[in-house]
Amino acid sequence: MIAVVGAGITGLALGLELDRRGGEFVVFEATDRPGGVIRSAEVDGRVLDWGPQRLRLTRKMERLLDDLGLADDLVVAPPGLPLWIYRGERLREVPMSVGRFLASDIVGVGAKCRLLLEPFTRPADPAERVSTYFRRKVGNELYEALIAPLYGGLYASDPEDMQMDLSLMHVLREFGMRRSLLRPLLRRGGRIDPPPACTLRDGMEALPGALATALGDRLRLESPVLDISRSGDGWQVRTDGGNLCAEAVVLTTPAPVTGRLLRTTAPDVGDAIARLRYNPLGVVHLDAETELRGLGFQVAFSETERVLRGVTFNDSMFGRTNLYTAYLGGARNPEVVELDDAGLAALAVSEFRHCTGYDASPLAVERERIPAWDISWNAIRDLELPTGLHIAANWWSRPGLPGRFAEATRVARDLMGR
């Protein structure tokens, strides 16, 4: 028997992978709904999402959605939608090819010439900060205008506080970027061509909902795990509904919860995990009638007066009329999340108006916490878990939905030996 603690997307995906391999398992979830941070709701006739606003339609994801019976609910963004950067008092299109970069106004001529030196710069030092790496590779202007908002925006973090071997080295290896960033791009034709963005008709929560349905009674909602302790060669998982003896336990819960659950059995590990930082992020859905078209925009780090991190264009991307999702705060401006709902909504409207020129009205206000993947991750370097205890979570290995499914596959293979 395998006990999976937490029915966020990782726990649900792990349950599915264990089921495919014939495993005996139970997934415990403390709340009355699966999905974790993935949540959807209809507000004023429009579907709003919290957590991930979209996913990328890779071949693996397309097969998964088909297997789960969600293929007919798929909503794919129109091809060719641009991504924007707010810099110098206006939105500028992010160039997705070398040719378009040379013709763009995203940075000046000097910054473009500086990029020619990139193949001759030294490779990454695992101990250096992510900001230092990018500044010496591509120059300060291109870093602040493009790299910092796009990379830091993934975690609501500041790359000044992120370390290469903790957050970026594995990405570089995955894309075959060892010494140079530019040479591999040129070998691929000089274009960045990601899979299309997509969502589901009733919102992203339909994905964990379908996974939960596939698991059936092996998913136990409203069953918080209170304690994990040794029991012979295995583990005893204590819940309100009784105890379960398991050969292995997989914790897919957020770092603060995981740290608390491990403090009795592995106090040093639990304390280390509890030290990981999460970045606070204000999420405000807006109603705005605009002519904006694209995936959304990020705000350049050089725009130091802005507390807006970025905006997703749900309107043009998925046909959700006049719907935009604004993100505020993060590591650079954490204080804005302390505002009350009315204050945070008013700030989102003001920032949206400043960056786009369009007025808006708030539909919903929420606050999220995002694993920072910053230098606090040094606390969990080389951690050794007790035999039979495993961790699978977006703060433990590669974040993002593709990363969650990939980790679920790896952990299931390790547990089942196939």
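Residues numbered from 1 in each chain as written. Predicted model: local features only at pLDDT ≥ 70, side-chain atom pairs only at ≥ 80, totals over all residues. Heavy atoms only, no water.

Caption draft 1: Focus on the overall build of the protein. What the protein contains, in helices and strands, is 15 helices and 20 strands. For 418 residues, the compact-globule estimate of 2.2 N^0.38 gives 22 Å, and the protein sits close to it at 22 Å. Considering only C-alpha atoms, the protein reaches an extent of 65 × 50 × 40 Å along its principal axes. A total of 418 residues make up the protein; the buried ones form 53% of that total. Residue pairs at least 24 apart in sequence account for 68% of intrachain contacts in the protein once pairs closer than 6 positions are excluded. Total accessible area computed for the protein in this model is approximately 18,600 Å², and 50% of it derives from carbon and sulfur atoms. Mean positive and mean negative side-chain charge positions of the protein (51 and 56 charges, respectively) differ by 8 Å. (Helix = DSSP H or I, 4+ residues; strand = E, 2+ residues; numbered from the N terminus. Rg over C-alpha atoms; globule rule 2.2 N^0.38 Å. Buried < 20%, exposed > 50% of the residue type's maximum accessible area, 1.4 Å probe, protein only. Contact = heavy atoms within 4.5 Å. Areas by Shrake-Rupley, 256 points an atom, 1.4 Å probe, with all protein chains shown as cover. Lys, Arg positive; Asp, Glu negative; His and termini not counted. Charge placed at Lys NZ, Arg CZ, Asp CG, Glu CD.)

Caption draft 2: Quick look at helix H1 (residues 9-20). With 12 residues, H1 should reach 16 Å at 1.5 Å per residue; the first-to-last C-alpha distance of 17 Å fits that figure. Counting buried positions along H1 gives 10 out of 12 residues, so the element sits mostly inside the fold. Within H1 the residues assigned to the buried category are Ile9, Thr10, Gly11, Leu12, Ala13, Leu14, Gly15, Leu16, Glu17 and Leu18. One or two positions beyond H1, positive phi appears at glycine 22, with a value near 75°. (Expected span 1.5 Å × (residues − 1).)

Fair warning: the whole summary comes from geometry, so function is off the table for now.
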